[in-house]
Amino acid sequence: MLKRDYSLLGHNTFGMDVKAAAYVEYASVEELRSLLCSADFVPYRENFLVIGAGSNLLFKGDYDGLILHSTICEKAIVEETDEAVWVRVGSGVCWDDFVAWSVERDLHGAENLSAIPGEVGASAVQNIGAYGAEVCQLIERVEALDLDGQERIFTNEECRYGYRDSIFKHEMRGKYVITYVTYRLKKQGELNLSYGNLRERMKGNSVRDVREAVCAMRASKLPDPALLGNAGSFFKNPVIPRWQYDHLRDVYPSIPCYSVDDEQVKVPAGWLIEQCGWKGRTLGRAAVHEHQALVLVNRGGATGDEVVALAANIVGDVQRKFGIEISPEVNII
Ligand code: EPU
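Counting restarts for each chain, with residues numbered from 1 along the sequence as it is written. pLDDT decides what is reported in this predicted model: residues at 70 or higher carry local features, side-chain atom pairs at 80 or more are listed and counted, and totals for whole chains, interfaces and linings draw on all residues regardless. Derived side-chain values reflect all non-hydrogen atoms in the structure, with water molecules and hydrogen atoms excluded from consideration.

Some words on the sheet that holds strand S3 (residues 48-51)
Applicable threshold: Should DSSP find at least two bridges between two strands, the strands are regarded as paired. Secondary structure follows DSSP: runs of H or I at least 4 residues long count as helices, runs of E at least 2 residues long count as strands, and numbering of each begins at the N terminus. Only C-alpha atoms enter the line fits that serve as axes; for helices the fit covers just the stretch in contact. Angles between N-to-C directions range over 0 to 180 degrees.
Read across the sheet, four strands follow the order S1-S2-S5-S3 without closing on themselves; strand pairing throughout is mixed. For this open sheet the edge positions go to strand S1 (3-7) and S3, each flanked by a neighbour on one side alone. For this sheet, the mean angle separating the axes of adjacent strands, direction not counted, is 40 degrees. When strand S2 (residues 19-26) meets strand S5 (residues 63-70), the two strands line up parallel, connected through six bridges. Each bridged residue has a counterpart across the sheet, and for alanine 22 the counterpart in S5 is leucine 66.

Here's what the structure looks like:
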């Protein structure tokens, strides 16, 4: 059932009080197919947006198209060997419920990605990542419908995963709606404790301990959207050539980096923003989070334009001070 003039306040973690011209949920592939093939969808074929939990979105104003939201919520083991299981998960499942489910069964692979807000469908679009892991390392295939209701299965390779990137943000944008994601989890294996101080936070050596440590680290740095509107990292960490990094290190000896390949490194945007003096600062009703400069927050009643104005000031300062262009990770609509 299409709802008209629908409030999106409960559907975006930035807490923007905006409306969509139309909104619809579907609980199965059949429901989605009949919607896509219905007269209701015709005016919106070129003007729709699929959302998950709205945890990576910033609405600048009312949305004049149709919002689609999956409530396909099954989870089933579809294949199993001595080493691994393949779990097919509906696009509307809360990502962290899936992580909790896998950790309870002592399955390895998703634990470093604990407590990331959002839903399964978006995990496959956004290639969510944290604490040295990315969801593309687990994704076996992605099922979707095209706008005529035809099924298509994308293999992991076809999804062309990169840092917070996939084919669904480029060539396939607006062409497919994801229905299921199949993840491959291992029955045992080494824990991935390579990132930052994760190892020091560990109280034992199980996937459960990783989950606990990651949840504690996230809770200490990242604001709870229920209390303070935000969409996690607002910017991506920029990838720059090593020669540029070496020049910067001569001037700023403490500048951190993660290696990407022989030629490139990734610099934490949070560090760059903090060095520009923005950490904890406010502009109107928008602000930079006091514990993690990569996160912009809505202090209450901020408009999308206020957040965008804050972001533009930050981008300008980082560019002037470091000669690096940082770009949003959040989808600005
Ligand atoms: N840093 C600062 N000041 C800050 C924030 C960070 O100096 O205010 C520096 C510190 O040197 C710190 C380093 O940046 O050691 C890295 O910080 P952190 O571990 O918090 O990670 P991040 O690179 O800022 C990325 C992801 C996060 C993910 C964390 C943990 C992106 C855009 N963000 O942040 O993802 O949780 O790593 O793995 O890659 C998200 O995508 O919404 C998100 C929260």
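As for the domain arrangement of the protein chain
The condition that has to hold: The domain limits used here are those given by an automatic or database domain assignment. The contact criterion used is simple: two residues touch if any of their non-hydrogen atoms lie within 4.5 Å. Buried area is calculated as the accessible area (1.4 Å probe) missing from two parts once they are joined, with the contributions of both summed. Just to be clear on terms, a salt bridge is a Lys or Arg side-chain nitrogen sitting within 4 Å of an Asp or Glu carboxyl oxygen. The definition of a polar contact used here is a pair of N or O atoms within 3.5 Å, where within protein one atom must be able to donate a hydrogen and the other to accept one, and adjacent residues in sequence count solely through side-chain atom pairs.
Taken domain by domain, the protein chain holds domain 1 (3-70), domain 2 (75-217) and domain 3 (225-332). Domain 1 puts 17 residues into the contact, and the matching count from domain 2 is 16 residues. When the two sides are added together, the surface that domain 1 and domain 2 hide from each other amounts to roughly 1300 Å², 61% of it contributed by carbon and sulfur. The interface formed by domain 1 and domain 2 includes two salt bridges. Where aspartate 148 meets arginine 45, a salt bridge forms, and the shortest distance between an N and an O atom there is 3.3 Å. Our count for the contact surface shared by domain 1 and domain 2 stands at seven residue pairs in polar contact (both at pLDDT 80 or more). Secondary structure elements with two or more residues in the side of domain 1 that touches domain 2: helix H1 (29-36), S3 and S5.

Focus: the site of the ligand
Applied cut-off: In these notes, residues near a molecule or strand are those with any non-hydrogen atom within 4 Å of it. Accessible surface area values rest on a Shrake-Rupley calculation with a 1.4 Å probe, where residue burial reflects the displayed protein chains alone. Ten residues, namely Ala, Val, Leu, Ile, Met, Phe, Trp, Tyr, Cys and Pro, are considered nonpolar, four, namely Asp, Glu, Lys and Arg, are considered charged, and the remaining ones, Gly among them, are considered polar.
Around the ligand, 24 residues are found, and the nearest of them are Tyr131, Tyr163, Tyr195, Glu274 and Ala293. A distance of 2.8 Å is found between an oxygen atom of the ligand and a side-chain nitrogen or oxygen belonging to arginine 164. Contacts to the ligand include tyrosine 195, whose side-chain N or O atom sits 2.7 Å from an oxygen atom. Computed on the free molecule, the ligand has an accessible area of 810 Å², of which 82% lies beneath the protein chains in the complex. Among the elements of the structure, strand S8 (129-130), helix H5 (207-221), strand S13 (229-233) and helix H7 (269-275) are those that each provide at least two residues to the shell around the ligand. Counting residues per element, the shell around the ligand draws most heavily on H7, at three residues. The residue makeup of the shell around the ligand, split by class, is 11 nonpolar, six polar and seven charged. Shared between two domains, the shell around the ligand takes at least three residues from each, and those domains are domain 2 (75-217) and domain 3 (225-332).

Some thoughts on the sheet that holds S13
Consider a sheet: its strands pair through backbone hydrogen bonds, and that pairing is either parallel or antiparallel. The sheet built from four strands is open, its strands ordered S13-S19-S18-S17 with antiparallel pairing. Where the open sheet ends on each side, the last strands, each with one partner, are S13 and strand S17 (282-283). Relative to strand S19 (residues 295-298), S13 is paired through three bridges, and the arrangement is antiparallel. Its bridge partner lying in S19, glycine 229 is registered against asparagine 298. Packing against the sheet, helix H8 (residues 304-322) makes contact with S17, strand S18 (286-288) and S19, and its axis sits at approximately 35 degrees to S18.

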